[in-house]
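Below are the chains, spelled out letter by letter.
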Amino acid sequence: MTDAARPTAATFSAQAWQANLPVYEAIRTMPFNMALADGTLPGERFRHYMIQDAHYLIAFGRALAIAAAKADDADGLVQFAQAAQVAVIVERSLHTDFFRSFGVDPAEFEGTEMSPVCHHYTSFLIATAHAESYPVVLAALLPCFWIYAEIGRDILARAVRPNAYDAWIDTYAGEEFHEAVRAVIATTDRAAATASPDVLARMHEAYRRASQLEWMFWDSAWRLGAWPL
Ligand SMILES: Cc1ncc(CO)c(N)n1
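Under an unreviewed UniProt entry, the name given to the protein chain is Aminopyrimidine aminohydrolase, and the organism recorded is Ancylobacter mangrovi. Word for word, the UniProt comment on the protein chain under Pathway (unreviewed entry) is "Cofactor biosynthesis; thiamine diphosphate biosynthesis."

Next up, the structure:
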């Protein structure tokens, strides 16, 4: 973890990060991210990842918009409404820049449905966003931000450059993304500070599930995951 993102030990985020370190370590060292860092990731696997991520980002944006609607103050409303907007902007950059550079035809995207894992992850986020209280919704959304920020910086530190995936690496290792991530960590910790033991337990469960699904999302891209029938 980068020092700037390191919360103090008593916070929800510090406890959740510590409890899920094995998941983070598994993500850091999984074949997809090892190959992305050294530039040897086969284009077919990155194309699969991008198409699924374009589906993912729209659902993530919807979940963020629901978080915005559930925010307990105006700052949270603005923070998550903006994050929803950024998710759609990033999704559009996949179409305009990444799809073009990696040879994904817009028709191929239109014709590709969500993979089982993408379907599972987005269904989890949308269902949690609708059904759970604001602190639990934040805990489900936090790994999507935090794991990408840490993985982005970790990959940048060991990346072989120039690398076909430089633009992707720079997006998630960049200061703009990290600033947004620190703000989501802070808001989640503020929500956790006044949460009941029951809500805290649900927050930890949601955080863990989202972390596992992050690993599964990359693993699915590596395996070119598809529906069995
Ligand atoms: C699956 C996934 N999780 C998180 C992010 C970053 O928010 C992303 N682009 N895709």
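Once the structure has been displayed, the description carries forward.
(A) Representation of the overall build of the protein chain in the model. When helices and strands are counted, the protein chain shows eleven helices and zero strands. If you list the helices and strands of the protein chain from N to C, you get α-α-α-α-α-α-α-α-α-α-α. In summary, the protein chain has a C-alpha radius of gyration of 17 Å against a globular reference of 17 Å for 229 residues, a match within 12%. If you line up the protein chain on its principal axes, its C-alpha atoms span 50 × 35 × 30 Å. Buried positions account for 38% of the 229 residues belonging to the protein chain. Sequence separation of at least 24 residues holds for 80% of the intrachain contacts in the protein chain that already meet a minimum separation of 6.

(B) Representation of the UniProt feature "active site" (unreviewed entry) in the protein chain in the model. Taking the numbering used here, the UniProt-annotated feature "active site" (unreviewed entry) corresponds to Glu214. Relative to the helices and strands, Glu214 resides in helix 11 (residues 197–223). On the basis of neighbour count, Glu214 is assigned to the buried category, with 22 C-beta atoms found within 10 Å. Look past the residues within four positions of Glu214 in its chain and what remains in contact with it is Ile27, Pro143 and Ile147.

(C) Spatial organisation of the UniProt feature "domain: Thiaminase-2/PQQC" (unreviewed entry) in the protein chain. UniProt feature "domain: Thiaminase-2/PQQC" (unreviewed entry): in the numbering of this structure it lies at residues 31–223. A helix fraction of 85% and a strand fraction of 0% characterise residues 31–223, whose end C-alpha atoms lie 10 Å from each other.

(D) A look at helix 11. For helix 11, with 27 residues, the first-to-last C-alpha span of 39 Å sits near the 39 Å given by 1.5 Å per residue. Along helix 11, the residues that are buried comprise Met203, Ala206, Tyr207, Ala210, Ser211, Leu213, Glu214, Phe217, Trp218, Ser220 and Ala221. Immediately beyond the C-terminal end of helix 11, within one or two residues, lies Leu224, with a positive phi of roughly 55°.

(E) How the structure looks around the site of the ligand. The ligand sits among Asp53, Tyr56, Leu57, Cys144, Phe145, Tyr148, Glu214 and Phe217. Within the residue set of the shell around the ligand, elements represented by two or more residues are helix 4 (43–70), helix 8 (134–158) and helix 11. When its residues are assigned to classes, the shell around the ligand shows six nonpolar, no polar and two charged.

(F) Layout of the nonpolar core. Phe60, Ala63, Leu64, Ala67, Val137, Leu141 and Leu142 are the most contacted members of the largest nonpolar core, which has 64 residues in total. Counting residues per element, this core draws most heavily on helix 8, at 15 residues. In this structure Phe60 touches Ala87, Leu125 and Cys144, once residues within four positions along its chain are discounted.

(G) Representation of the packing of helix 8 against helix 11. Between helix 8 and helix 11, the least distance of the axes is 8 Å, while the angle of their chain directions is 30°. Accordingly, the angle class assigned to the pair helix 8 and helix 11 is roughly parallel. Like other packed secondary-structure pairs, helix 8 and helix 11 cross with a definite hand, here right-handed. Where helix 8 abuts helix 11, its residues Pro135, Val136, Ala139, Ala140, Leu142, Pro143, Cys144 and Ile147 lie against Val199, Arg202, Met203, Ala206, Tyr207, Ala210, Ser211 and Glu214. A class-by-class count of the residues in the contact of helix 8 with helix 11 yields 13 nonpolar, one polar and two charged.

Cut-offs used in this document
- Residues numbered from 1 in each chain as written.
- Predicted model: local features only at pLDDT ≥ 70, side-chain atom pairs only at ≥ 80, totals over all residues.
- UniProt positions renumbered as here; feature names shortened; annotations may be inferred.
- Helix = DSSP H or I, 4+ residues; strand = E, 2+ residues; numbered from the N terminus.
- Rg over C-alpha atoms; globule rule 2.2 N^0.38 Å.
- Buried ≥ 20, exposed ≤ 12 C-beta atoms within 10 Å, placed from the backbone.
- Contact = placed C-beta atoms within 7 Å.
- Expected span 1.5 Å × (residues − 1).
- Near = placed C-beta within 6 Å.
- Nonpolar A, V, L, I, M, F, W, Y, C, P; charged D, E, K, R; others polar.
- Core = buried A, V, L, I, M, F, W, Y, C linked by C-beta atoms within 7 Å.
- Axes fitted to C-alpha atoms, helices over the stretch in contact; angles between N-to-C directions.
- Parallel < 35°, antiparallel > 145°, perpendicular 65-115°, else oblique.
- Left-handed = near helix turned anticlockwise from the far one by under 90°.

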